[in-house]
Amino acid sequence: MAQTKSASASGRKPAAKSASKTVSKEFSGKNTPEFGKDDDLHAYREMLLIRRFEEKAGQLYGMGFIGGFCHLYIGQEAVVVGMQMAQQEGDQVITAYRDHGHMLACGMSPRGVMAELTGRQGGLSKGKGGSMHMFSKEKHFYGGHGIVGAQVSLGTGLAFANAYRNNDSVSVAYFGDGAANQGQVYESFNMAALWKLPIIYIVENNRYAMGTSTARATAQSNYSMRGVGFGIPGVQVDGMDVRAVKAAADEALAHCRSGKGPIILEMLTYRYRGHSMSDPAKYRSKEEVQKMRSEQDPIEQVRNRLLEKGWASEDELKAIDKDIRDIVTDSADFAQNDPEPDASELYTDILL
Ligand SMILES: Cc1ncc(C[n+]2csc(CCOP(=O)(O)OP(=O)(O)O)c2C)c(N)n1
Ligand SMILES: [Mg+2]
């Protein structure tokens, strides 16, 4: 397999061909299909919304408006945006606690997400769930889960329901490199392969599980091969390049919809911020983070393409930036001024 510039710049090359079946090819660098103007502009907007939203959430956290945990998605935007660009209405998304980007990409309201972070009644869980617990049946988003790996089993259940109902929907279950070492992941793989369930397992390999690097914690760090024992194909994808993600998603979704069962996409990505807001990040160097930001930033890649191809001028990009900032500012204003839930809400939405 060709070693590509973008893959090696991350210090990680997509693994050489192995016993793992691949869909067709690894998705990175040279073999990545180009986007047209509309797709690049769309990807730029969507990724920028997530970036600015997360930056604002970080600020509100620092100001004391957000309690509890808050895990930012900054750096990983291309993964969820590229996937979403390929999905069709009805496909479900489920993920872990680093979830605000997934919600926004699914079309959930920035006001609703931000107000949930600040615990206000206009939040998507009426201010009672917080950062890790938001859902939208309408947008087919099934959370937001704090228990590492839990969403993999739940996502497999969603895929089982799709198969049972014989609809055309695919369940997209995201989890981290750390979660990939969890036992229930493999129980889920077994069932999904046995019953040929329509599910894409997405390993967001951002190189760290809290403060533990993949090198320290994992025996097989090519996560795309984790399904070999179950006959589940897998591919590695340059998760910093939204075009590579979209191309892999197109093939993976077609694979699932044609009844071939589950597939694994390992997204090679990187988180710029700490694990959560209380992470001193002593386990990696500032230079490592800076290198990724300056060489592979997913948003800068699209921005540069738009300018180089003459698809947008600096002024047009500034107008998009302002538009996004206005949306995010509006969500933050709402999230600071909306009332807290009434005390009577303590007794509603509870299952005993
Ligand atoms: C069952 C369980 N074990 C441990 C934890 C504590 N914990 C929270 S996040 C995390 C690391 C997960 O890392 P990864 O899956 O790589 O996701 P990332 O944070 O990088 O997105 C751990 C161990 C937990 N929440 N649930
Ligand atoms: Mg991780």
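Residues numbered from 1 in each chain as written. Chains lettered and ligands numbered in written order. Predicted model: local features only at pLDDT ≥ 70, side-chain atom pairs only at ≥ 80, totals over all residues.

A. Seen up close, the overall build of the protein chain. On a plain count of helices and strands, the protein chain comes out with 12 helices and seven strands. For 352 residues, the compact-globule formula gives about 20 Å, and the C-alpha radius of gyration of the protein chain, at 20 Å, lands near that figure. Dimensions along the principal axes, computed over C-alpha positions, put the protein chain at roughly 55 × 55 × 40 Å. A total of 352 residues make up the protein chain; the buried ones form 49% of that total. Sequence separation of at least 24 residues holds for 77% of the intrachain contacts in the protein chain that already meet a minimum separation of 6. (Helix = DSSP H or I, 4+ residues; strand = E, 2+ residues; numbered from the N terminus. Rg over C-alpha atoms; globule rule 2.2 N^0.38 Å. Buried ≥ 20, exposed ≤ 12 C-beta atoms within 10 Å, placed from the backbone. Contact = placed C-beta atoms within 7 Å.)

B. Quick look at the site of ligand 1. Surrounding ligand 1, one finds 13 residues, the nearest of these being Val148, Gly176, Gly178, Ala179 and Ala209. Considering only residue class, the shell around ligand 1 consists of six nonpolar, five polar and two charged. (Near = placed C-beta within 6 Å. Nonpolar A, V, L, I, M, F, W, Y, C, P; charged D, E, K, R; others polar.)

C. Quick look at the pairing of strand E3 (residues 199–205). The buried fraction of E3 is high, at seven of seven residues. The sheet contact formed by strand E2 (residues 171–176) and E3 spans six bridges and is parallel. In the strand pairing of E3, alanine 173 is matched with tyrosine 201. Taking the sense of rotation as the criterion, the β-α-β connection linking E2, helix H7 (residues 183–194) and E3 turns out right-handed. Note: E3 against strand E7 (residues 263–268), six bridges, orientation parallel. Looking at E7, one finds that tyrosine 201 is bridged to isoleucine 264. (Pairing = 2+ DSSP bridges. Right-handed = clockwise from strand over helix to strand, strands pointing away.)

D. Just the packing of helix H2 (residues 37–62) against helix H3 (residues 77–86), in detail. Interaxial distance between H2 and H3 falls to 9 Å at its minimum, and their mutual angle equals 135°. Classified by the interaxial angle, the pair formed by H2 and H3 is oblique. Judged by the sense of rotation from one axis to the other, the crossing of H2 with H3 is right-handed. Between H2, through Asp39, His42, Ala43, Glu46, Met47, Ile50 and Arg51, and H3, the contact on the second element is made entirely by Glu77, Ala78, Val81 and Met85. Tallied by class, the residues present in the contact of H2 with H3 amount to six nonpolar, one polar and four charged. (Axes fitted to C-alpha atoms, helices over the stretch in contact; angles between N-to-C directions. Parallel < 35°, antiparallel > 145°, perpendicular 65-115°, else oblique. Left-handed = near helix turned anticlockwise from the far one by under 90°.)

E. How the structure looks around unusual backbone geometry. For lysine 196, which is not glycine, the phi dihedral falls at a positive 50°. Structurally, the position occupied by lysine 196 is in the loop between H7 and E3. For aspartate 349, which is not glycine, the phi torsion reads 60° and is therefore positive. Looking at where aspartate 349 falls in the secondary structure, it is placed in the segment after helix H12 (314–337). Assessed through the 10 C-beta atoms surrounding it within 10 Å, aspartate 349 is described here as exposed.

F. Representation of the environment of glycine 155. Position of glycine 155 relative to the elements: it lies in helix H6 (residues 150–165). When the 28 C-beta atoms within 10 Å are taken as the criterion, glycine 155 is described as buried. On a C-alpha basis, the gap between glycine 155 and tyrosine 201 in space is 8.7 Å, while along the polypeptide they are 46 residues apart. The contacts of glycine 155, once residues within four sequence positions are left out, are Ile94, Ser171, Ala173 and Ile199.

G. Representation of the sheet that holds E2. Ordered by their spatial adjacency, five strands build an open sheet running E1-E2-E3-E7-E6, and the pairing between neighbours is parallel. The two strands at the open ends of the sheet, each matched to only one other strand, are strand E1 (92–94) and strand E6 (234–238). Taking each pair of neighbouring strands and ignoring which way they run, the sheet shows an average axis angle of 20°. Two elements, E1 and E2, share three bridges in a ladder whose sense is parallel.

H. Representation of the nonpolar core. Counting residues in each nonpolar core, the largest one holds 87 residues, and the members touching the most others are Met47, Ile200, Ile202, Val245 and Leu265. The contact partners of methionine 47, leaving out residues within four places of it in the chain, are Glu77, Ala78, Val81, Val242, Pro298, Ile299 and Val302. (Core = buried A, V, L, I, M, F, W, Y, C linked by C-beta atoms within 7 Å.)

I. Main features of the environment of valine 242. Tracing the chain through its elements places valine 242 in helix H9 (residues 242–257). Once residues within four sequence positions are removed from consideration, valine 242 is found in contact with Ala43, Met47, Ala78, Val81, Gly82, Pro298 and Val302.

J. Focus on the confidence of the model for the protein chain. On average, residues of the protein chain carry a pLDDT of 92, and 91% of them reach 70 or more. Ignoring residues within four places in sequence, the model shows residues 1–11, a span with pLDDT below 50, making 29 contacts including any to other chains. (pLDDT = per-residue confidence, 0-100.)

K. Main features of the packing of H6 against H7. Close contact between H6 and H7 brings their axes to 8 Å; oriented N to C, the two are set at 15°. Between H6 and H7, the interaxial angle falls into the category roughly parallel. Classified by chirality, the crossing of H7 by H6 is left-handed. Contacts from Val152, Ser153, Thr156 and Ala159 in H6 reach Gln184, Val185, Ser188, Met191 and Ala192 in H7. Taken together, the residues that form the contact of H6 with H7 break down as five nonpolar, four polar and no charged.

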